[in-house]
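Per-entry structural report
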Amino acid sequence: MSAANQLSDEKLIQFFYANWKLSQQDFCKSYGEDPQALARFLNRQPDQSSERVRTSLKKYWEKYQMSFTDHLDEDESGGGGSGSGSGGVDQQQQQQQYTAPSTPGGGKRSLRNLLQNYYGPGIGDGSDGNGGSGVLSNDPLDIDSPSFDLKAYFENTIKKSTLQQLVAKDNDMVSEIRTLDGDMKTLVYDNYTKFINATDIIKKMKNNVENMEEGMQLLSKNMELITTCSDKINSTLSVRREKIDQLSGLHKLLQKLQYLTALPSRLNHCVEMQAYSQAVKYYNSNNGILKQYSHIPSFQNIQTECDNIINQMKLKLHEKITNIETQQTEVAEAAEMLLELLDPIDTVRSAYLQGRKQHTFALLKHIEKKEFTDVVECIKELNKIFLSEFSYNHESYTSLFVNRFDGVHSSKKEMMVSKQHLEEFSKDLFNRYLAVAKLKLAIFKSPDEKIKGLEVLCIDVAKIQKQLADISSVDDIINSTVYDQIAYYFDNLQKTIKEHISTMNATLINKSSAILEGNSLAELSEKTAKEIVSDILQLFKNLRPFFLPTETSFLTRHFSTIFTKIQVNLQNFFLFLNIHFLDYLDIIIKTSNKEQYGSRFLLALASVCLYLESKGINQVVQSMNEFINTVKQGMHSSAAAHHDIFSINTPDLAKRLKEAAQRILTVYTKMQSKSIEKILRVGLDSTPNWLALKEPRDVRQVNDILLDELQKIGAEIGKLLPVTNQQLTTPTMSRVGGGHSRSMSGSGNSNVSVNNNNSDAMRRNQSNANLPSNSNNLFDKRFDIYAPVDFYVNSILVGIVKLSLKSYIECLRTKTFGTNGYHQIQVDLRFLKLYFTDMFGTQQSIDSLIQEADNTVADRCSSVDPIPLEDSIMKMLCENKLKSRKEEERNKSTMINMISVDN
Amino acid sequence: MFNNNSNNVGINVQSGGAINVYGISLKSRAISLIGADQDSNRFLVGTQALKEENEVRLIEEKENEGIGLVSIFSHPKEIWSITSCTYDADSFFTVYNTGTEYRSSCWKMNHESTTLEELFELKGHQGMIKPILCDPSETDDYVISLDDSTIRLWSIKNNTPSVVKSFGGLNKLTAGSINPNINNQLATANDVNIKGWDFRSGKDHIEINNNDNNNNNNKKTYRESFKIDKAHSELIRDIDFNPNKPYILLSAGDDGKLKFWDTRYTEEPVKMFSGHNHWIWNAKFNKYHDQLVITSSSDNTVNLWHVYSISSAMQDQNKDITSNSSPSIEGQTNEQQQQQQQQQQQSHSSHSSHISSTGGKTNKRKEDKLIKTFEEHEDSVYNVCWGTSNFIFASLSYDGRVVINNVPKEYADLLTIE
């Protein structure tokens, strides 16, 4: 107790915190303290007021201690002397002293223990399952344990403790009992006040509820009253309301009916006002109703009337769509309306496309007719009109017929069809457009202008490429246009060359023999050749702009393909050039009308070939090389590397042209030989009987005719080709050599053919052996007669003479001659030989042919051993004739000279 | 060299020593196959010697042996053409020149005495007589002769010739050919033109391609069935009907061209070839394989042509043209039609075997081209004829050389019926 009196401030504060469960204000109220002073005290800030607080706290302490002691007293009185022990109590006391003030938890536990004791075990247990109670529970010597064994405890205490200890224990116990008793009392007091308070509140509530019941009763009464009132009103008004409902329904219906009946006139009005879309709206909104009530005649009437109007409108709309005059926006609207009117999509679509196509075509036609001076302007206008038209059509079509369809299967199909139609439509239009563009481009001959036009075209078309993506790319357009252009150039070239040649032929026919005057024949052929060359040069000039990179950037990526195209065309062209000349040979063979292509034509043609070969081809190749250089510059080096730039070498081309000329001249030779041949043949046939003839007095006149003709031919050729070939020293020698080598093998043939068993062959061989020169002549002739001619007059004339003589021999073989006839032919032949030698120099082939003719006549002479005409007579006759003829020719030429001088 | 040649040739597989060249010392321009003798390749060669004794030589080409002489018959006057009678192997016609005029006689060979017996002479010709034409159906019902202007149809029964009809009135008649496929059709060439005739006699007949305007004489039964004016640019020297196709006719002449005509469409030639440097004197279809044609020319060569596209082999493949009964066929007798059908069947069967045997060479088989130029002759080759064996042909040049050649083995193989 002394310890309690000497309580330090610190202890008091701790105690306060531990035991005072209420707020500080409450404490102040209960003990009449200043709260601030208390707070200061509790915050260990003592001042003059702290003494009072301290005393108050001490009072609380004492009060607390008192109530605790009371408890113990009561407990002890109940428990008798059993609680007396010395050592254990002492321990407990110490523990108590230690725990209670130091840890509030300890105090709390002790309080709980008290409550436990009071209410019996089970309360608060487990909720605060501290280790302490668990330890205590099993110790029978622990006074707080439930299994506390009083007897054992007592005995234990008695046994172990001294007397003094026992007395101390007893004291301890007494004080403990008191404390406990006090605690108990406080608890009971607390509970009691709480209970009292609760009772008070319940009492108060009871009073309030009783008051409310009355109010409720009043309320329910009022409610009942209201219900009855409203019921009453309802029942009284219900009859009328039905009527009103009916009436208002009727009114609505009537309104609708009125609307419907007015519909036709309204539609008419709309149609009149051309407010078609309004009409469509009216119709579509009412069509359902009309259909629903179509069994009622009046409705049906309205419907048919409406339908008629709408049908008329549809017709008008269709008309509008198909009418090419209609504006594009209106057409789109009309199509939209028709679709809303559920017109079959097929008809609308086709009508739409048809109309638009016509419209565009009309536009294009308009452009087509219009004349432009500037290509760019032309193409720009064309593009402006066409492309805007096209893209609008494309868009509106897409919105009308493509986007309308959602993902449903059937409509998907329809969409595909629509797209397909669009493609066709676009294709058609574009083809037409390109055709017009091409036409327009074709007007402008200059390639520069064309390129410009193309560029504009390409750029503009590229803008709407998106819409064309699935049809044809712009590349195709460019390529095809360029290709067409290139092909056009080449075709045109071929055409103009053909034209030049046919003009040449026409001139030849028109002028007939007048062409032989002066140099006009040579001039004509040279003119033709030069025209051909200049045309070819023009071709390269035309092609070059495609590869000038500055002007044609849009073409750059197509360079390689374009160039390939050009290459192919060039090759074809050179092939054509070569073949074309030869074609005329076939044409001449096939044309029955000989007048159409005269021999002069062939001559001129050969001359054209020769000109091209000697002069033209160089120019062409030079120009081509320049062109290829341009191409190389134009193309990127990498692109160029991919291309084998083809080369057409000059010698090869020249050789081919020369061959063509050669063949033409060969045909010419054959052709002319026929006319000479005819003279000879007629000369033979004009004498009906060669058996009965007078001595030859002179060379027959037919030979003059022949030589005249030959000279005419010579003059004709002389207009175009040199008379002799100075450069070629021995042109005939080489041919004779060729013939000779052939004759060697030929004689080999005849050797092998000898059949020793066959007497006839023997005989024949012998006869051949007698005439070795004859045999050789035969072979010379065989391979010489048909040898190709050279490009000069005499060579051609020799060729003609040879062929004619060959035929002459054939004719002689079919005749039978008398001695005089034989002599006559001999004289003729000798004269010809003389003349030819004079004309061409010694020509072995001609001589041998004349010799063979002579032999043939001898063979065909009916007398058994024909004696040739005496050489002197023959010589005399022939030389006289030759002389007179030469004189005649001289006269003729002087005459001609005189005439030309006169002129 | 020739021996080597013959060794290369397919049919004449010879061990050596065979001769395919035969020489006569006299000038000659007439050769004819004895067609009536189907078992051997016998030819008649007539010489054309103005001053020597002329002769007709009967020669025979035998496998492995070459050409051998059978007998020599002396013949008065130079022979311009020779035609073996289709109905008698021992008889033949010659056209010969007496010096003042041309004559034509029919001769019979007496093999024992090696003399010729003159059976009869066809008299009354003016100017040069062209080779006599015998009935291709191998009867002695008639022969046809052409001189410079007139066509004569002869009856030669009992060796007494009589002119049944004479017509023509043309200028410069040069050649004629009897159509073996259309009864009584004759084609003639005069100068540059070709005309078709119906030389029918006796019974009335449905006229072929009425061309009354062109009928120059008064005898109504003779009609030109077709005409080709200006068929060539120069004189036509030979014409020949395709032995197996009724409307195909070839022509050749001084322009050196070989042309094929469809007698129904005469505006343009069906085919045209040029391969000779000088006049073509003679041109002949092969009797069985009518795609083979030989031509001989005064450029000393003989050309062998393969003209498949208008041959009966081609026709069989595309059976169309002749199966249509065009009006010109109506005149045919049943017999002839049967004959034709047989021929078609024959060539068809041969054709189908071609396919099986020469499948790989189809292209070659179908080409139209010059197969080969034969250059064994050293003088103008005036006459040429096919042998009895399918693939040999004989050519005769003016210097008296007879050469027998074979169709090159590759072509012969193509056409051979296995």
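Residues numbered from 1 in each chain as written. Chains lettered and ligands numbered in written order. Predicted model: local features only at pLDDT ≥ 70, side-chain atom pairs only at ≥ 80, totals over all residues. Heavy atoms only, no water.

A word on the nonpolar core
In globular proteins that are soluble, nonpolar side chains generally tend to be buried together. Residues and elements named next belong to chain A. Just so we agree on the cut-off: Each nonpolar core is a collection of buried residues, namely Ala, Val, Leu, Ile, Met, Phe, Trp, Tyr and Cys, held together in the definition by side-chain atoms within 4.5 Å. Each residue's exposure class comes from its accessible area (1.4 Å probe, protein chains only) as a fraction of the maximum for that residue type: buried when under 20%, exposed when over 50%, partly exposed otherwise. A run of H or I in DSSP becomes a helix once it reaches four residues, and a run of E becomes a strand once it reaches two; helices and strands are each numbered from the N terminus. Source of the domain bounds: an automatic or database domain assignment. In this description, contact between two residues means that some pair of their heavy atoms is separated by no more than 4.5 Å.
The biggest cluster of nonpolar side chains holds 114 residues, and the ones touching the most others in it are Phe573, Phe581, Leu665, Ile717, Ile825 and Phe836. Sorting elements by how many residues they give to this core places helix α22 (residues 599–634) first, with 18 residues. Looking at this core, you find at least three residues from each of domain 3 (476–648) and domain 4 (676–728 + 790–902). Ignoring sequence-local partners within four residues, the contact set of Phe836 consists of Leu706, Leu707, Leu710, Val801, Gly841, Ile846 and Ile850.

Quick look at helix α3 (residues 24–31) of chain A
Residue and element names in this part refer to chain A. This is how the line gets drawn: Summarising the geometry, the arc corresponds to the directions from the helix axis toward the C-beta atoms.
Phe27, Cys28 and Tyr31 are the residues of α3 that are buried. The buried residues of α3 occupy an angular sector of 100° when the element is viewed end-on, so they sit on one face. Immediately downstream of α3, the backbone of Gly32 shows phi near 60°, a positive value.

Focus: unusual backbone geometry
Residues and elements named next belong to chain B. Although it is not a glycine, Asn159 adopts a positive phi angle of roughly 55°. Within the secondary structure, Asn159 sits in the loop between β12 (150–155) and β13 (162–168). Although it is not a glycine, Asp191 sits at a positive phi angle of roughly 55°.

Observations regarding the pairing of strand β2 (residues 28–33) of chain B
All names here are of chain B. To keep it simple, the criterion reads: Two strands qualify as a pair provided that DSSP identifies no fewer than 2 bridges between them.
Where burial is concerned, most of β2 is hidden: six out of the six residues are buried. Taken together, the five bridges between β2 and strand β3 (residues 41–47) define a ladder with antiparallel strand orientation. Its bridge partner being in β3, Ile31 is matched across the sheet by Val45.

Remarks on the confidence of the model for chain B
Residue and element names in this part refer to chain B. The cut-off we apply is this: Confidence per residue, as judged by the predictor, is encoded in pLDDT with a range of 0 to 100.
Per-residue pLDDT for chain B averages 78, and the proportion of residues at 70 or more is 77%. Per-residue pLDDT, averaged within each element of chain B, yields its smallest value for helix α1 (residues 2–8) (38) and its largest for strand β18 (residues 236–241) (94). The low-confidence segment residues 320–361 (pLDDT under 50) makes 48 contacts with residues lying over four places distant or belonging to another chain.

Description of the pattern of salt bridges
We apply this condition: Within this document, salt bridges are pairs made up of a side-chain nitrogen of Lys or Arg and a carboxyl oxygen of Asp or Glu, the two lying within 4 Å of each other.
Evaluated as defined, the whole model comprises 36 salt bridges over all chains. Taking the shortest distance from any N to any O, the salt bridge between Asp140 of chain B and Lys157 of chain B comes out at 3.7 Å. You can see Asp140 of chain B sitting in the loop between β10 (133–134) and β11 (143–146) and its partner Lys157 of chain B sitting in the loop between β12 and β13, a full 17 residues away along the chain. Overall, Asp140 of chain B belongs to the partly exposed group, its relative accessible area being 32%. Classification of Lys157 of chain B by relative accessible area gives partly exposed; the value is 40%. The shortest N-O distance in the salt bridge between Asp229 of chain B and Lys227 of chain B comes to 3.6 Å. The class for Asp229 of chain B is partly exposed, based on a relative accessible area of 43%. When salt bridges with common partners are traced through the structure, they connect Asp704, Asp708, Lys881, Arg885 and Glu889 of chain A into a single cluster.

Structural notes on the pairing of strand β28 (residues 401–406) of chain B
All names here are of chain B. Most of β28 is tucked away, with six of its six residues classed as buried. When strand β27 (residues 392–397) meets β28, the two strands line up antiparallel, connected through five bridges. Bridging across to β28, Phe393 finds its partner in Asn405. The turn joining β27 and β28, which pair antiparallel and follow one another in sequence, is formed by three residues; a positive phi near 90° is taken by Gly400.

Details of the sheet that holds β27 of chain B
All names here are of chain B. Rules: Note on geometry: axes are C-alpha line fits, over the in-contact stretch for helices, and angles between N-to-C directions span 0 to 180 degrees.
If you trace the four strands from one edge of the open sheet to the other, you get β1-β28-β27-β26, paired in antiparallel fashion. For this open sheet the edge positions go to β1 (21–23) and β26 (381–386), each flanked by a neighbour on one side alone. When the angles between neighbouring strand axes are averaged without regard to direction, this sheet yields 15°. The pairing of β1 with β28 spans three bridges and is classified as antiparallel. Counterpart to Gly23 in the pairing with β28 is Arg401.

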